[in-house]
Amino acid sequence: MKDLKVVFMGTPDFSVPVLQGLIDTCNVIGVVTQPDKEVGRKKEIEFSPIKKLAIANNIKVLQPEKIRTDFQCVLDLNPDIIITCAYGQIIPVEILEYPKYKCINVHASLLPKYRGGAPIHRAIINGEKETGITIMYMAPGMDDGDIISQEKISIGENETVGELHDKLSIMGKELLLKTLPSIIDGTNERIKQDETKVSLAKIIKKEDEVIDFNDSAINVHNKIRGLSPFPGGYALLEDKRVKFYKSKVEKTNIAALPGTIVKVDKTGMYVKTNDELVVIEELKIEGKKRLTIQDLLNGMNKEELLNKIFRKE
RNA sequence: CGCGGGAUGGAGCAGUUUGGUAGCUCGUCGGGCUCAUAACCCGAAGGUCAAAGGUUCAAAUCCUUUUCCCGCAA
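Rules behind the numbers
Residues numbered from 1 in each chain as written. Chains lettered and ligands numbered in written order. Predicted model: local features only at pLDDT ≥ 70, side-chain atom pairs only at ≥ 80, totals over all residues. Heavy atoms only, no water. 1 Å grid on protein atoms, 1.4 Å probe; cavity = no way out; pocket = protein on both sides within 12 Å on 5 of 7 lines; lining within 4 Å. Points joined across faces, edges and corners; volume = space filled by probe spheres on them. Nonpolar A, V, L, I, M, F, W, Y, C, P; charged D, E, K, R; others polar. Helix = DSSP H or I, 4+ residues; strand = E, 2+ residues; numbered from the N terminus. Expected span 1.5 Å × (residues − 1). Core = buried A, V, L, I, M, F, W, Y, C linked by side-chain atoms within 4.5 Å. Buried < 20%, exposed > 50% of the residue type's maximum accessible area, 1.4 Å probe, protein only. Domains from an automatic or database assignment. Contact = heavy atoms within 4.5 Å. Buried area = accessible area lost by both parts, 1.4 Å probe. Salt bridge = Lys/Arg side-chain N within 4 Å of Asp/Glu carboxyl O. Polar contact = N/O pair within 3.5 Å; in protein donor to acceptor, adjacent residues only side chain to side chain. Near = heavy atom within 4 Å. Pairing = 2+ DSSP bridges.

Chemist: Just checking my understanding: could you explain empty space enclosed by the protein for this structure?
Modeler: Left-over empty space is what a probe sized like a water molecule reveals as it rolls over the atoms. Considering all chains together, one arrives at one cavity of 30 Å³ or more under this definition. Each pocket or cavity is described by its volume, and for the largest cavity that value is around 30 Å³. Along its surface, the largest cavity is lined by Asn105, Met136, Met138, Ala139, Gly141, Asp143, Asp144 and Gly145. A per-class count over the lining of the largest cavity returns three nonpolar, three polar and two charged.

Right, here's the structure in full:
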């Protein structure tokens, strides 16, 4: 496959291993990624992870504002195949139909479940026991093309979205490289998605990051790990925003208002929900660094925390 | 120059308002107790208080500048 002319379209960290895999095995003639944005406190311009990798490998980088209209530059590269992975824009049909071997997408869910922009987050938040990677032909709609191959992975009870993200990212690369030869020689499968089983994984918005302890412990726990380490689920404690990073569920018969800190020791901060307890093991208080509860207690008395109540906005 | 918080032994913090010998909770190392321990007791090491400059008899503390970290907003 060394002479296969590939154009890769992607943006975030998730797509980095996939691009690296293609660089190692194919002739990547160009990379398309989102335009540079001002990022962070100082509004410094930062290149996307994919752009950085492309530059390091002397690969041409294209960053059209709107791929829907600015697609000619991609066609001009005259690729044999286009591979996309978390690019971030809808790709117009002019591009999809152009390459000899069409456009192939690497998606982080078992389609038709979790179509959309945040499949890993949503799978964990919803308490799924398994998810996976889908390699598919792209179609004009959102993640609705025909499936070529899939691979499953189970989700651990306390696994965070960060941990799962990294595993799926590697799995995406491996499944793509395994599947690619069959696409080139035309022996691949091509399965239509079952439209009756479609679900959507909408991107995470501000209001999705609020942790409401007036919910079941398992839901709170799933939301915390489904947002950890980024963007981080939070609640307010005495006007300070506290983000949660690690947690687990523990049964209790203690009666207390949802959100109350009923116990604190070096193993964690035990917070009541509307049924059981959620044990917070790692958090970050506004203005501070991310800390384990043991580190937090080294710097403050546990009585300062006991019986305080977390609330939402 | 978008707004705000922060930087103090390896970790987390107090001390800064009102300048005057570097403190707490842990960790580490050594010893003791114990059937044993993440428990308890005794002891030790480890910090030019982010950096530079200034004020002062004297600066972690007051003034100026810089760097890095965190939250918000984009």
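Now that the structure has been shown, we can carry on.
Chemist: What is the right way to look at helix 6 (residues 161-185) in this model?
Modeler: Because each turn of an α-helix spans 3.6 residues, side chains separated by three or four positions in sequence point in the same direction. With 25 residues, helix 6 should reach 36 Å at 1.5 Å per residue; the first-to-last C-alpha distance of 36 Å fits that figure. Positioned one or two residues after helix 6, Gly186 has a phi angle of 80°, which is positive.

Chemist: Could you clarify how one ought to interpret the nonpolar core in this entry?
Modeler: Most often, soluble globular proteins have nonpolar side chains that are buried together. Ranked by size, the top nonpolar core spans 41 residues in total, and within it Phe8, Leu22, Ile81, Ile83, Ile104, Ile133 and Leu168 carry the most contacts. In terms of nonpolar packing, the next biggest core, distinct from the first, is built from 21 residues, Val242, Ile261, Val278 and Leu283 among them.

Chemist: What exactly am I supposed to notice about the domain arrangement of chain A here?
Modeler: Where interface size is given, it is often the accessible area lost as the parts come together that is meant. Domain parsing of chain A yields domain 1 (5-197) and domain 2 (206-311). Using only C-alpha atoms to locate each centre, domain 1 and domain 2 end up separated by 35 Å. If you look at the interface, domain 1 gives 13 residues, while domain 2 gives 14 residues. Each partner contributes to the roughly 920 Å² buried at the junction of domain 1 and domain 2, and carbon and sulfur atoms together form 50% of this total. Looking at the side of domain 1 facing domain 2, the largest losses of area belong to Ile125, Asn158 and Thr160, adding up to 43% of the total buried there. At the junction of domain 1 and domain 2, the tally comes to one salt bridge. In this structure, Asp208 engages Arg122 in a salt bridge whose closest nitrogen and oxygen atoms are separated by 3.2 Å. Sorting elements by how many residues they give to the side of domain 1 that touches domain 2 places helix 5 (residues 119-125) first, with four residues. Residue composition of the side of domain 1 that touches domain 2, grouped by class: four nonpolar, six polar and three charged.

Chemist: Help me understand the side chain of Glu159 in this model?
Modeler: Inspection of the secondary structure puts Glu159 in the loop between strand 9 (147-154) and helix 6. A polar side-chain atom of Glu159 sits 2.8 Å from the main-chain amide nitrogen of Gly156. Within the structure, the side chain of Glu159 is placed 2.8 Å from the side chain of Lys167, a separation counted as a polar contact. Setting aside anything within four residues of it in sequence, one finds Glu159 in contact with Ile124, Ser154, Leu164, Lys167 and Arg225.

Chemist: What is the right way to look at the protein's contact with RNA strand B in this model?
Modeler: Neighbouring residues of RNA strand B: 18 residues in total, closest Arg41, Lys284, Asp295, Asn298 and Gly299. What you see for RNA strand B is that sugar and phosphate hold 58% of its atoms within 4 Å of the protein. Here a phosphate oxygen of RNA strand B and a side-chain polar atom of Lys284 are 2.9 Å apart. A distance of 2.8 Å is found between a sugar or linking oxygen of RNA strand B and a backbone nitrogen or oxygen belonging to Asp295. Listing elements by their share of the surface near RNA strand B, those giving two or more residues are strand 11 (240-250) and helix 8 (293-299).

Chemist: What is the right way to look at the pattern of salt bridges in this model?
Modeler: Evaluated as defined, the whole model comprises 15 salt bridges. Among the ionic pairs, Asp212 bridges to Lys312, the shortest N-O distance being 3.5 Å. Of the two residues, Asp212 sits in the loop between helix 6 and helix 7 (217-226) while Lys312 sits in the segment after helix 8, which places them 100 residues apart along the sequence. Judged by relative accessible area, Lys312 falls into the partly exposed class, the value being 47%. Salt bridges linked by common partners bring Asp146, Arg190 and Lys192 together as one network.

Chemist: What's the story with the sheet that holds strand 9 in this structure? I'm lost.
Modeler: Adjacent strands of a sheet pair through backbone hydrogen bonds, lying either parallel or antiparallel. Across the sheet, seven strands lie side by side as 5-2-1-6-7-8-9; this open sheet has mixed pairing. In this open sheet, the two strands that pair with only one neighbour each are strand 5 (61-62) and strand 9. Pairing between strand 7 (residues 103-107) and strand 8 (residues 130-137): four bridges, direction antiparallel. Looking at the pairing, Asn105 lines up with Met136 of strand 8.

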